[in-house]
Amino acid sequence: MSQEELQPNLHTPSNDPIISCLGGDISLLMDAVYAGLHKGSIRVCKAQRTNGVGEQLMAYVCDRSLTPRHLIEAKYSKINNPHLLKLVATDVVDWPEEGRKYVYFYSGSYQKALSVEAASALGWKPDEVMNGVVNPIVSALTELRNKDIVHGEIWTGNMLVDSVASSKQIILGDCLSLPHSYNLPFIYEPVGRALADPIGRGAGDISDDLYAFGVSLAMILRTSDPMQGASKGEIITHKIEKGTYSTLIGKDRFNGAILELLRGLLYDDPVQRWTLDDILEWRDGRRLSPKQSTKRVTSSRPILFNDKKYNRPELLAKDLHEKPTSVSYLVENEDLAQWIDRAIEDKTIKVRVEQLFKNLELIDRNHFYNDQLTAMLGVTLYPEAPISYKNNHFHLGGFGKMLTHAYLMEKDIQPFTEILKGGFILQIIQNMKMNPILSTLRSRFDAARTLLSQALLGSGLERCLYLLNPESHCLSPILESYYVRSPEEMMNIFEMLCEGNSNITLFDRHTVSFLSVKDRKNIDAYLPDLRAPESHRRVLGQMRVLAAIQKRGNLKGFPNIANWLASNLNQVYAQFHDNVKKEKLKNAVNDFKTEGNLSKISALFDDPKLYQSDMNNFYQAMRYYKQLEKEKLEIKTRIAKNQVGFETGNQIASLISLVIAMFIVVISIYTNFTG
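Residues numbered from 1 in each chain as written. Predicted model: local features only at pLDDT ≥ 70, side-chain atom pairs only at ≥ 80, totals over all residues. Heavy atoms only, no water.

A.B. asks: What's the story with the nonpolar core in this structure? I'm lost.
C.D. replies: In globular proteins that are soluble, nonpolar side chains generally tend to be buried together. Tyr 60, Tyr 76, Val 133, Phe 213, Ile 279, Leu 336 and Phe 605 are the most contacted members of the largest nonpolar core, which has 180 residues in total. Sort the elements by how many residues they give to this core and helix α5 (residues 206-221) lands first, with 10 residues. Excluding its chain neighbours within four sequence positions, the residues that come into contact with Tyr 76 are Leu 84, Leu 85, Leu 87, Tyr 106, Leu 144, Ile 149, Cys 175 and Leu 176. (Core = buried A, V, L, I, M, F, W, Y, C linked by side-chain atoms within 4.5 Å. Buried < 20%, exposed > 50% of the residue type's maximum accessible area, 1.4 Å probe, protein only. Helix = DSSP H or I, 4+ residues; strand = E, 2+ residues; numbered from the N terminus. Contact = heavy atoms within 4.5 Å.)

A.B. asks: Just checking my understanding: could you explain a nonpolar patch on the surface for this structure?
C.D. replies: Taken together, the side chains of Ile 652, Ile 656, Ile 660, Phe 663, Ile 664 and Ile 667 make up a nonpolar region of the molecular surface, amounting to roughly 570 Å² of accessible area. Relative to the helices and strands, Ile 664 resides in helix α30 (residues 646-674). Accessibility expressed as a relative area gives 48% for Ile 664, which makes it partly exposed. (Patch = residues over 30% accessible without salt bridge, like charges linked within 9 Å, V, L, I, M, F, W, Y side chains within 5 Å. Areas by Shrake-Rupley, 256 points an atom, 1.4 Å probe, with all protein chains shown as cover. Salt bridge = Lys/Arg side-chain N within 4 Å of Asp/Glu carboxyl O.)

A.B. asks: What exactly am I supposed to notice about the packing of aromatic side chains here?
C.D. replies: Here the distance between the centres and the angle between the planes together describe a pair of aromatic rings. One pass over the structure, following the stated rule, counts 13 aromatic pairs. Where Tyr 76 meets Tyr 106, the ring centres are 6.3 Å apart and the plane angle is 90°; that geometry is what we call edge-to-face. Here the residue Tyr 76 occupies a position in helix α2 (residues 70-77), and Tyr 106 occupies one in strand β6 (residues 99-107), the gap between them amounting to 30 residues. You can call Tyr 106 buried: its relative accessible area is 0%. For the pair Phe 399 and Phe 445, a centre-to-centre distance of 5.5 Å together with 50° between the ring planes defines the contact as tilted. Here Phe 399 is found in helix α15 (residues 399-408), whereas its partner Phe 445 is found in helix α18 (residues 436-452), with 46 residues between them in sequence. Each member of the pair Phe 399 and Phe 445 is classed as buried. These aromatic residues form a ring-pair network of at least three members: Phe 394, Phe 399, Phe 416 and Phe 445. (Phe/Tyr/Trp six-rings, centres within 6.5 Å; stacked < 30°, edge-to-face > 60°.)

A.B. asks: Explain the sheet that holds strand β9 (residues 171-172) here, please?
C.D. replies: Sheet strands pair by backbone hydrogen bonding; their relative direction is either parallel or antiparallel. Taken together, the 3 strands give an open sheet; going across it, the order is β7-β8-β9, and neighbouring strands pair in antiparallel fashion. Two strands in the sheet have a free side with no partner beyond their single neighbour: β7 (112-113) and β9. Of the pairings in the sheet, the one linking β7 to strand β8 (residues 159-161) comprises 2 bridges and is antiparallel in character. Bridge assignment links Ala 113 to a residue of β8, and that residue is Leu 160. (Pairing = 2+ DSSP bridges.)

A.B. asks: Any chance you could explain the sheet that holds strand β4 (residues 56-61) here in plain terms?
C.D. replies: Ordered by their spatial adjacency, 6 strands build an open sheet running β1-β2-β3-β4-β6-β5, and the pairing between neighbours is antiparallel. Two strands lie at the open edges of the sheet, namely β1 (18-21) and β5 (86-95), each paired on one side alone. Each adjacent strand pair in this sheet contributes to an overall mean axis angle of 30°, direction not counted. Looking at chain direction, β5 and β6 are connected through 9 bridges and run antiparallel. Its bridge partner being in β6, Asp 94 is matched across the sheet by Arg 100. (Axes fitted to C-alpha atoms, helices over the stretch in contact; angles between N-to-C directions.)

A.B. asks: Just to check I follow, could you spell out the environment of Asp 412 for this structure?
C.D. replies: If you trace the backbone, Asp 412 turns up in the loop between α15 and α16 (414-421). Classification of Asp 412 as exposed rests on a relative accessible area of 56%.

A.B. asks: Help me understand the environment of Asn 392 in this model?
C.D. replies: Within the secondary structure layout, Asn 392 lies in strand β13 (residues 392-394). On the basis of relative accessible area, Asn 392 is assigned to the buried category, the value being 14%. Along the sequence, Asn 392 and Ala 113 sit 279 residues apart, while their C-alpha atoms lie 31 Å from each other. The residues contacting Asn 392, other than those within four sequence positions of it, are Asp 197, Ile 387, Met 402, Pro 415 and Phe 416.

A.B. asks: Honestly, unusual backbone geometry in this entry has me stumped. Any pointers?
C.D. replies: For residues that are not glycine, phi is negative in most cases, and the peptide bond is trans in most cases. In this model, Leu 22 sits at a positive phi of 50°, which is unusual for a non-glycine residue. Its location among the elements puts Leu 22 in the loop between β1 and β2 (26-33). The backbone of Glu 410 shows a phi angle near 55°, a positive value even though the residue is not glycine. Along the chain, the position of Glu 410 falls in the loop between α15 and α16.

Laid out in structure tokens, this is it:
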């Protein structure tokens, strides 16, 4: 990405309903909202090219408190599939009264979706579903898999249709503008993900996309909703007890190939669920053997918790957070151990519970103990369930986005700091089946636990925000009016902020933490200087950080930043003793600041010989000064003793006496001879 593409598109907010984007290339029509599309807090507006082409576009205007999926947008933009929205551009715009917002521009103008109702019964015929839904979605999923992208929002409300076209072929809508599956109704998620808060679901995998695909087919094919009027808890309970297929299909009956596809996609066990390759084989006419169903764990007798009886570990795990104070009694009274040992014939659950009891010895019995125990027991009984802690339900991969959202919405973040400080999260991770993604998350949580306890610049909660949510924009108050996603973008904003303003502060806890996470190799070496109590060291540290970013990114000059640096170097100049060197440095800085070459300015102060020669000359001058001081002291001492000039006086007196004596002798001799 070139620096020109990184330059922020700045324009003054006004009452004009048209926002000029990408340097005037695109016009965004604020008031032309696609009311037939459901994206929650995301506005979907009409836009168009203004360079004479007149191409119709759809603008997805993001919510500042919800992190878009920045990390996959570059890969997604390379996809060109007729059944996926084509991403053509992104930009940051000034939205009147709401500040800077990130926008995705897609090609096309699709004004409605199949159904924006979470639970629908459209009653399509199987052949219509095959041509209009199955083939397009399979094509889109194949393309996404090839790019290693999980869509995360496959449902009828995101299946767009062209109201003008006569065919019923759908287009799979946006998946970038919100956190993964944030806008996906819970009924389209497997039970374990459905139990999590939408912001805390984390990234899923293609198996979750295929499950959502199966639920979508059920919604499109069925003629009635067997769970109409049921609550979220009732629907999830029914899924656990009866299975997804029974919960969604009810009394509807399907025959032939479409039934086989539905059953294959709606397996609750992801191991049994059909893969994309299975679907491709099925579409090619190959009949697939039914997969072996896993025996569902049911106890021979119920366990009592919170005045309710439970026969399934998953259902008990789902409700533990409703009364954490009773969980410790359930564990310590050995009711749970006896139930697992005597009423449930499942050795894996028994092993996990025994391991939990051992791990409890490592947890402090403070006033958070019940909440920590509840979180640990929940995932012990039901490993696919989210971690539940004080009404926050999340999977590990979704914690960072949940923390960022809470921070931006000014919610109570105390539960999040307790989660990070408590060792129970690491204990939970340790008991999970390890994979590369989980290993990365474990390292991040481990690092966050250490960083949170440190008050140093570049540590603390701010560092945890960016460490656990790498897609977050910089949340510094300095950059509140902007939307900065990378060190390069930050440099461009700094350049604007520094114009005519030498007193502005560029480095705070957020900017330093953001840069450290995004560019650790180039930044962390200068953290000791940025944290230093001496002001001149801090200035040098800031200069070196900015120069390192400019050099690594091969960015063009930043004359305003260079002027800002030059105006703050007085404290650095004061460290030099040689006035001649000071003037030479100032002149060199003034020469380089015009072109904005921060690397050259930094190099002036990075030469160790500069400081060494200055100190050597200074020490030499000090020695000479001490020598003069010593002589001065000796003279003063001799003056004080009235001895100064005595020796010289005696010599002069002797000389005068000698001259006089010789004169007398000469006169005497002369007198004797003439007399």
